[in-house]
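# Structural description and commentary
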Amino acid sequence: MDSKIKEIALSLTEKTVQRRRDFHKHAEAAWTEFRTAAIVADTLTDLGYEVFAGDEVVAAEAMMGVPSPEALARHMERALAQGANPKWVEKMSGGKTGVVGVYRSGRPGPTVGLRFDMDSNDAVESEDETHRPFKEGFSSVNRGAMHACGHDGHTAVGLAVAEVLAACKDDWCGTVKIIFQPAEEGVRGAKAMMVKGIVDDVDIFVGMHLGFNVARTGQLACQIDSFLATTKLDAVFTGVAAHAGAAPEAGRNALLAAAAAALNLHAIPRHSQGPSRINVGQLEAGTGRNVIPPKAVLKLETRGTTSAINEFMMNESRRVIQAAADMYGVTVTMQEMGGAAGAESDRALVEALEVTGRRLGIFDEIVPRCYFGASEDCTYFMERVQQRGGKAAYIMIGASLAAGHHDLRFDFDENVLPKAVEFLSAAAYDLLKS
């Protein structure tokens, strides 16, 4: 079976590279992936998958950090102008750009879920001649959106894996569910799909990333440690404007309330059960030097090595923010703008994936452990599957990089694409044949 999967995966190499470059050229940021998601939905449909999108896979009440309706409308029009199928664009209105493809073998077996993220970064891509996408004509034409994290490659790999598994449909048992997730950047998208219940029937779940902390083509890491649970929060303080010289007592100073909150947020005690983080990254306030500031916006994030530690940090943050508002006689509203759970991969699944990787002989190094040290909202899927008795793992497939992730000169070695397709297809087959 390995030879059959390799043959199909290699035959898809040119198509996979071209898809990656097309997605790169038409980069779309969080919740605006209308064109990308429409292409995914069309491709899965043509391959014989049951395709679910829009309200079917995204819970509106759990969406975080969604652009304004006006911005979404502009991005929908842009997607249509760039060739997106109107049927899917309409179905994904409101930014519900998630897509799930389901293929049922008709034979008893597990449900295996594979997740691929689709969104780009909010960034202006380099126009330096040494930057390969610019030099070769596939840099982003959507200014302000750039694939600087490899999600264009993830999406292209996911579609190729879907094609390999469909071509081998008579050789495996159970059900494969391929999840194309919007809005990973800012950790905004997975929760809304998890809340909708799309992984509630998944027995085995695998998420993946190209490169990152495994930054050489030929490496594979199946044991990823130290995911940080996180919450992104915006707090808006509203006070009363007044003349700072003639009537300061008539005002209520939102800037001072926000400043007091910022200082005291960093005084929250650390947690005894593991590392925690907090950062106030932005504070905007005031209208002029002689006006009592009537409004302030404070943007922060908390992190923890477990969901429980992060929840402690966030509960304390809310308490501090409210207390600062009360002290200065202003009101405050708080809105979650993103989040991710804590997670650990199941060791038995990690070992099974490593067995597949060694057997294929396409990697020259199986990295025993890889430190993540950041947040990835794929953990919402992992945590949910594990809570319901299933197994989950997150892997990294090494890719040599032109520059680091989120760098304006980011690019990766496309030789990793057929390796990723072959490995993930073979891994899914191994999990589905039992």
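First, a word on what this report is: a plain description of the structure on this page. (Residues numbered from 1 in each chain as written. Predicted model: local features only at pLDDT ≥ 70, side-chain atom pairs only at ≥ 80, totals over all residues. Heavy atoms only, no water.)

## Description of the nonpolar core
Most often, soluble globular proteins have nonpolar side chains that are buried together. Ranked by internal contacts, the top residues of the largest apolar core, which has 76 residues, are Tyr 49, Val 99, Ile 397 and Phe 423. Examining the composition of this core, we find that 12 residues originate from one element, helix α13 (residues 416-432), more than from any other. With sequence-adjacent residues up to four places away left out, Ile 397 is seen in contact with Met 208, His 209, Leu 210, Gly 211, Val 214, Gln 219, Leu 220, Phe 363, Val 416, Ala 420, Phe 423 and Leu 424. Val 58, Phe 205, Met 382 and Tyr 394 belong to the second largest nonpolar core, which has 36 residues in total. (Core = buried A, V, L, I, M, F, W, Y, C linked by side-chain atoms within 4.5 Å. Buried < 20%, exposed > 50% of the residue type's maximum accessible area, 1.4 Å probe, protein only. Helix = DSSP H or I, 4+ residues; strand = E, 2+ residues; numbered from the N terminus. Contact = heavy atoms within 4.5 Å.)

## As for the sheet that holds strand β10 (residues 295-304)
Across the sheet, which stays open at both edges, the 4 strands sit in the order β9-β10-β8-β11 with antiparallel pairing between neighbours. A strand with exactly one partner marks an edge of an open sheet, and here the two such strands are β9 (276-285) and β11 (331-340). Here the average twist between neighbouring strands, direction ignored, is 15°. Contacts between helix α10 (residues 307-327) and the sheet are confined to β8 (229-238), β9, β10 and β11, with β8 contributing the most and set at about 10° to the helix. (Pairing = 2+ DSSP bridges. Axes fitted to C-alpha atoms, helices over the stretch in contact; angles between N-to-C directions.)

## Some words on the packing of aromatic side chains
Tallying each qualifying case throughout the model produces 10 aromatic pairs. An angle of 80° between the planes, with centres 4.9 Å apart, marks the rings of Tyr 49 and Tyr 103 as edge-to-face. Placement of Tyr 49 in the loop between α3 (34-46) and β1 (50-53) and of Tyr 103 in strand β2 (residues 99-104) is noted, with a sequence separation of 54 residues between them. What makes Tyr 49 buried here is its relative accessible area of 5%. Consider the rings of Phe 205 and Phe 381, whose centres lie 5.7 Å apart with planes at 45°: the pair is tilted. With Phe 205 in strand β5 (residues 204-210) and Phe 381 in helix α12 (residues 378-387), the pair connects residues that are 176 residues apart, well separated along the chain. Using a relative accessible area of 0% as the deciding quantity, one classes Phe 205 as buried. A network of ring pairs unites the aromatic residues Phe 212, Phe 227, Phe 372 and Tyr 394 as a single cluster. When the ring centre of Phe 412 is taken as reference, the NZ or CZ atom of Arg 20 above it lies at 4.2 Å. (Phe/Tyr/Trp six-rings, centres within 6.5 Å; stacked < 30°, edge-to-face > 60°. Lys NZ or Arg CZ within 6 Å of the ring centre and 35° of its normal.)

Everything listed here is a matter of geometry and, on its own, says nothing about what the molecule does.
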